[in-house]
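Listed here are the chains, written in short residue letters.
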Amino acid sequence: MKKFGFKIIKKDEKTKARSAVIHTAHGDIKTPAFSPVATKASVKSLDPNDIKLTKSQVVLGNTYHLYLRPGTKIIDDFGGFAPFMGWSGPTITDSGGYQVSFLRGVKPKITDKGATFRSHIDGSKHLITPESSMEIQKSLNADIIMAFDQPLPSNAPEKKKKEAFIRTLKWEERSFLHWKKIKSTQALFGIVQGDLDKDLRRESLKFILDFDFPGIALGGESIGVSPQITSQTLDTIVDLLPDDKPVHALGLGGGVEGILESIERGVDIFDNTSVTRMARTGLLFIYPEDGGTRQNKFRYDLTKSKFKDNKNPISKVCNCYTCQNFSSSYIHHLLVSNEILGARLATIHNITFINNLMDKIRNSIENSEFQVLKSHWLNRS
Ligand SMILES: [Zn+2]
């Protein structure tokens with residue numbers, strides 16, 4: 001079986017942007033890369049053929065959701081959530097830390113031991129510890145797994161945030177030791193917390209580097225809010241990011257601008273649920289050639305009545321399956337009629353758009369033109 005590895009192909013001369021390859025047992029991931037989210041072992045409305053059609057290289061499943069349903073026993077019997085959903089490429093799982101802290105109705109009770117919570121499905125009581133998160137993720141069998149952490153909202157009281165930060169360090173250590181003990185071939189990423197606090201974020205990253213986790217994940221609300229806050233957050237640690245480990249931004253926000261600013265600061269791979277969620281509500285991405293700018297966030301609302309009789313594709317330059325075969329008028333009709341095909345076609349377009357952007361970014365880094373590409377996308381009005 002091919003071992004996990006990370007190799008830089010080209011570093012941008014002026015910034016921390018880099019093109020690289022993550023090797024996994026289920027294939028290579030060329031980075032910078034986007035990972036669509038398959039929360040419940042499904043990228044909503046897409047089957048694995050569709051996922052391939054969008055040029056996706058990897059998908060990210062959710063530990064909390066899959067643990068509760070269908071349950072680890074069933075997924076274990078299949079050999080992991082990838083075979084369960086019929087996906088043959090690389091996979092990632094998060095640790096469940098985010099969901100047990102943030103999901104509505106889970107009523108978490110956090111102690112140093114772990115997180116006790118109520119299932120949002122049937123109210124049953126559960127405990128996830130750093131050790132059990134490693135066991136669950138072993139059954140889910142993704143190539144990349146995450147340490148168990150306790151993220152808190154940025155507006156939580158300082159005392160609570162400090163407590164969660166210290167607890168997360170202990171939980172990461174326990175995750176790491178248990179991962180070593182069960183001799184998992186999966187690559188465990190430590191999660192950098194500390195919100196916007198420079199000292200805490202640096203301490204958190206140094207801790208992960210001291211333990212020699214195979215990869216680094218960036219967590220916390222400040223990674224998902226806006227391009228400005230994400231940039232500020234990344235600026236606190238960018239000088240410490242090493243060349244020999246991949247960096248994953250968990251739930252990266254900020255759209256196209258957030259993606260470009262994060263890659264400039266050393267992010268190799270990221271996931272995000274809004275790319276697919278927006279598609280289902282009719283918010284579709286457009287390229288600069290279609291009039292996409294930083295101001296309109298490179299997207300428009302296809303459910304608006306002005307698209308009712310528009311025979312053009314969503315984008316005139318997009319090579320996705322949807323744009324090659326269907327008009328804006330038809331997809332508008334499907335979306336406003338709540339036809340499930342609308343969700344599928346819109347999702348195919350949005351994911352392909354982000355993957356095309358990743359291709360362009362990778363090429364630009366390899367041709368020493370990252371800044372040219374960035375200004376082509378962001379400096380228009
Ligand atoms: Zn398209």
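Residues numbered from 1 in each chain as written. Predicted model: local features only at pLDDT ≥ 70, side-chain atom pairs only at ≥ 80, totals over all residues. Heavy atoms only, no water.

**Section: the overall build of the protein**
Part 1 of the reasoning: The helix and strand inventory of the protein stands at 15 helices and 17 strands.
Part 2 of the reasoning: Relative to the compact-globule value of 21 Å for 381 residues, the protein shows a C-alpha radius of gyration of 20 Å, a close match.
Part 3 of the reasoning: Counting only C-alpha atoms, the protein reaches 60 × 50 × 45 Å along its principal axes.
Part 4 of the reasoning: Within the protein, buried positions represent 56% of all 381 residues.
Part 5 of the reasoning: Of the roughly 16,300 Å² that the protein leaves accessible, carbon and sulfur atoms contribute 50%.
Part 6 of the reasoning: With 53 positive and 42 negative side-chain charges, the protein shows a spacing of 3 Å between the two charge centroids. (Helix = DSSP H or I, 4+ residues; strand = E, 2+ residues; numbered from the N terminus. Rg over C-alpha atoms; globule rule 2.2 N^0.38 Å. Buried < 20%, exposed > 50% of the residue type's maximum accessible area, 1.4 Å probe, protein only. Areas by Shrake-Rupley, 256 points an atom, 1.4 Å probe, with all protein chains shown as cover. Lys, Arg positive; Asp, Glu negative; His and termini not counted. Charge placed at Lys NZ, Arg CZ, Asp CG, Glu CD.)

**Comments concerning the coordination of the zinc ion**
Part 1 of the reasoning: Binding of the zinc ion to the protein goes through Cys318 (SG), Cys320 (SG), Cys323 (SG) and His349 (ND1), at separations of 2.1 to 2.4 Å.
Part 2 of the reasoning: Coordination at the zinc ion is tetrahedral, judged from the four donor atoms that bind it and the angles of 100 to 116° they form at the metal.
Part 3 of the reasoning: We note that the donor set of the zinc ion lies within a single chain, spaced as C-x1-C-x2-C-x25-H. Residue Cys318 is located in the loop between strand 17 (299–301) and helix 12 (321–325), and its partner His349 is located in helix 14 (residues 340–366); the two are separated by 31 residues in the primary sequence. For the pair Cys318 and His349, a shared accessibility class is recorded, and that class is buried. (Donors = N, O, S within 2.8 Å, 3.2 Å for Na, K, Ca; no water. Tetrahedral: all angles 85-135°; square planar, octahedral: opposite > 155°, others 65-115°.)

**What about the layout of surface pockets?**
Part 1 of the reasoning: Size it by volume and the second largest pocket reaches roughly 360 Å³.
Part 2 of the reasoning: Partitioning the lining of the second largest pocket into residue classes produces nine nonpolar, seven polar and four charged. (1 Å grid on protein atoms, 1.4 Å probe; cavity = no way out; pocket = protein on both sides within 12 Å on 5 of 7 lines; lining within 4 Å. Points joined across faces, edges and corners; volume = space filled by probe spheres on them. Nonpolar A, V, L, I, M, F, W, Y, C, P; charged D, E, K, R; others polar.)

**Observations regarding the sheet that holds strand 10 (residues 125–128)**
Part 1 of the reasoning: The three strands lie next to each other as 8-9-10, forming an open sheet whose pairing is antiparallel. Edge positions in the sheet fall to strand 8 (109–110) and strand 10, since each of these pairs with one other strand and no more. (Pairing = 2+ DSSP bridges.)

**What about the sheet that holds strand 1 (residues 5–11)?**
As a general point, the strands of a sheet are linked pairwise by backbone hydrogen bonds and lie either parallel or antiparallel.
Part 1 of the reasoning: Spatial ordering of the open sheet is given by 1-2-3, a layout of three strands whose pairing is antiparallel. Two strands close off the open sheet at either side, each with one partner strand: strand 1 and strand 3 (27–31). Across the sheet, the mean angle from the axis of one strand to that of its neighbour is 15°, orientation sign disregarded.
Part 2 of the reasoning: In the sheet, strand 2 (residues 18–24) pairs with strand 3 via five bridges, with the strands oriented antiparallel. Across the sheet, Val21 pairs through a bridge with Lys30, a residue of strand 3. (Axes fitted to C-alpha atoms, helices over the stretch in contact; angles between N-to-C directions.)

**Quick notes on a positive patch on the surface**
Part 1 of the reasoning: Taken together, the side chains of Lys40, Lys44, Arg69, Arg277 and Arg280 present a region of like positive charge at the surface.
Part 2 of the reasoning: If you trace the backbone, Lys44 turns up in the loop between strand 5 (37–38) and helix 1 (48–53).
Part 3 of the reasoning: Taking the relative accessible area as the measure of exposure, Lys44 reaches 35% and is therefore partly exposed. (Patch = residues over 30% accessible without salt bridge, like charges linked within 9 Å, V, L, I, M, F, W, Y side chains within 5 Å. Salt bridge = Lys/Arg side-chain N within 4 Å of Asp/Glu carboxyl O.)

**What to know about the nonpolar core**
Part 1 of the reasoning: Membership of the largest hydrophobic core comes to 85 residues, with the highest contact counts inside it found for Phe81, Leu218, Ile259, Ile354, Met358, Ile361 and Trp377.
Part 2 of the reasoning: In terms of residue count, the dominant contributor to this core is helix 14 (10 residues).
Part 3 of the reasoning: Looking at this core, you find at least three residues from each of domain 1 (62–272) and domain 2 (283–368).
Part 4 of the reasoning: Residues in contact with Phe81, not counting those within four places in the same chain, are Ala41, Val59, Leu60, Gly61, Leu66, Ile75, Thr91, Ile92, Thr93, Leu140 and Ala142.
Part 5 of the reasoning: Ranked by size, the runner-up nonpolar core spans 17 residues in total, among them Ile29, Ile92, Ile191 and Ile269. (Core = buried A, V, L, I, M, F, W, Y, C linked by side-chain atoms within 4.5 Å. Domains from an automatic or database assignment. Contact = heavy atoms within 4.5 Å.)

**Details of unusual backbone geometry**
Part 1 of the reasoning: Look at the link from Thr31 to Pro32: it is a cis peptide, with omega at 0°.
Part 2 of the reasoning: Looking at where Pro32 falls in the secondary structure, it is placed in the loop between strand 3 and strand 4 (33–35).
Part 3 of the reasoning: The step from Arg69 to Pro70 runs through a cis peptide bond, and the omega angle for that step is 10°.
Part 4 of the reasoning: Its place among the elements puts Pro70 in the loop between helix 2 (63–68) and helix 3 (72–78).
Part 5 of the reasoning: Non-glycine residue Ser45 carries a positive phi angle of around 80°.
Part 6 of the reasoning: Looking at the secondary structure, you find Ser45 in the loop between strand 5 and helix 1.
Part 7 of the reasoning: At Asn338, a residue that is not glycine, the phi angle is positive and equals roughly 55°.

**A short note on the domain arrangement of the protein**
Accessible area lost on assembly of the parts is the figure often given for the size of an interface.
Part 1 of the reasoning: Domain boundaries assigned for the protein yield domain 1 (62–272) and domain 2 (283–368).
Part 2 of the reasoning: For domain 1 versus domain 2, the separation of C-alpha centres amounts to 30 Å.
Part 3 of the reasoning: Every contact between the two is made by six residues of domain 1 and, on the other side, eight residues of domain 2.
Part 4 of the reasoning: Roughly 630 Å² of surface becomes buried between domain 1 and domain 2 when both sides are summed, with 86% attributable to carbon and sulfur atoms.
Part 5 of the reasoning: When the buried area of domain 1 at its contact with domain 2 is split by residue, Val256, Glu257 and Ile263 rank highest and sum to 62% of it.
Part 6 of the reasoning: Residues Arg294 and Glu257 are paired through a salt bridge, measuring 3.2 Å at the closest nitrogen-oxygen approach.
Part 7 of the reasoning: The element contributing the most residues to the side of domain 1 that touches domain 2 is helix 10 (residues 255–264), with five residues.
Part 8 of the reasoning: Partitioning the side of domain 1 that touches domain 2 into residue classes produces five nonpolar, no polar and one charged. (Buried area = accessible area lost by both parts, 1.4 Å probe.)

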